[in-house]
Every structure is written in structure tokens, then in C-alpha cells.
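Chain and residue survey
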Amino acid sequence: MGYAIRKIKQSEIPLLSDFLYEAIFVPEGVAPPPREIIDRPELQVYTSAFGERDSDICYVAEVNGRVVGAVWVRVMDDYGHIDDETPSFAISLYREYRSQGMGTALMKAMLDELKEKGYRRASLAVQKANGALNMYKKLGFEIVDEKDEEYIMLCHLC
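So, here's what we can say about the structure.

Scoring rules and cut-offs
Residues numbered from 1 in each chain as written. Predicted model: local features only at pLDDT ≥ 70, side-chain atom pairs only at ≥ 80, totals over all residues. Heavy atoms only, no water. Phe/Tyr/Trp six-rings, centres within 6.5 Å; stacked < 30°, edge-to-face > 60°. Helix = DSSP H or I, 4+ residues; strand = E, 2+ residues; numbered from the N terminus. Buried < 20%, exposed > 50% of the residue type's maximum accessible area, 1.4 Å probe, protein only. Pairing = 2+ DSSP bridges. Contact = heavy atoms within 4.5 Å.

Turning to the packing of aromatic side chains, a few remarks are in order. Considering all chains together, one arrives at three aromatic pairs under this definition. Consider the rings of Phe-89 and Phe-141, whose centres lie 5.6 Å apart with planes at 85 degrees: the pair is edge-to-face. Note that Phe-89 is positioned in strand 4 (residues 88–93) and Phe-141 in the loop between helix 4 (132–138) and strand 6 (142–146), a separation of 52 residues in sequence. You can call Phe-141 buried: its relative accessible area is 2%. Residues Tyr-136 and Phe-141 carry aromatic rings whose centres are separated by 6.1 Å and whose planes lie at 65 degrees to one another, so their mutual orientation is edge-to-face.

A word on unusual backbone geometry. Positioned with a positive phi, Ala-49 is a non-glycine residue whose angle comes to about 55 degrees. Locating Ala-49 in the fold gives a position in the loop between helix 2 (41–44) and strand 2 (57–63). Look at Ala-49 and you get partly exposed, because its relative accessible area is 37%. One non-glycine residue, Asn-64, lies in positive phi territory at about 50 degrees. Among the structural elements, Asn-64 can be located in the loop between strand 2 and strand 3 (66–74). The exposure class assigned to Asn-64 is exposed, which follows from its relative accessible area of 79%.

Across four bridges, strand 6 lies against strand 7 (residues 150–156) in antiparallel orientation. By the bridge assignment, Asp-145 is partnered in strand 7 with Ile-152.

Mapped onto the elements of the fold, Ile-5 is located in strand 1 (residues 4–7). Assessed through its relative accessible area of 28%, Ile-5 is described here as partly exposed. Those residues in contact with Ile-5 that sit more than four places away from it in its chain are Tyr-59, Val-60, Ala-61, Met-102, Ala-105, Leu-106 and Ala-109.

Shown next, in the form of C-alpha cells:
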């Protein structure tokens, strides 16, 4: 499947709410949470006023003119928070576009951008049962902390 990785357009920023919902890990056989969950303060930190901070960067995956995935970072106090200099990742793709290499391409584009901008490291939080864990490890992320159901991972960029 042909796809393009590019920076998000200002007019597409509202799509981040969809991708935030898609980023919520739902184990096999478990009903997804109601969409209103993304309105909680601990999740709004990922999208509220996105684009207004210097650390706000987003790439999207596009297939046939449709945005089907996004990776975005910002320095924020989220689940993957390390410190106030380390951007945290959020990434998701619509279900039918997963496991086709787009997530890896999005992550690589973002890691390259962060290196270019002089960031020394980046972090993320991932559920222990999430299959994306292996992708993150292949991209250089290492587990640095562990909570009940998730890992905090860090990637050194320099």
C-alpha cells in the first residue's frame, strides 16, 4: 500500500482527537471505552492547544489523500513524562492501517526531526500487552520504569 509521511497541516490538527482515541490500547476481547474518555484532563494534555508550544511537532501518514495515522510529541506532564526537556510521544493509526510499516515510518520521521531540533532524548508510555512494544525497542527505546500495566520508555537521540 502506498503512503506518504508528512508534517500535519494546521487545518488537520482537530484530527488529533480521533488519533488520541485510537491510541488508547484496548486488549483483545475488551470493549473500548466511550469516546468521551479523551475529554479527561490526563488525556487532554496530549492535544489541548496543540501547535502553540515550540515542542509541538506532528507527522501524519496519508493514503490516497486521507490521513490514516499520526505521531505527535510535546513536552508535557503525561504518562511517559521524564522531565521538562524531554518530549513525549503519542502515536496511532486507524486499525485497518496497522502492521503495514506506517507506524515505524512515522516514528523514524519524528525521531529524525527531534535529533535535528537538538533534543537529547524522547519518551513514551506503552501498555505491557501492546504489540507496538517491539517496534519501540527496534527503534532504540529502552524500558526505564514500570507501572502496573505499562512501561515508560526512553530513546537517547545523541
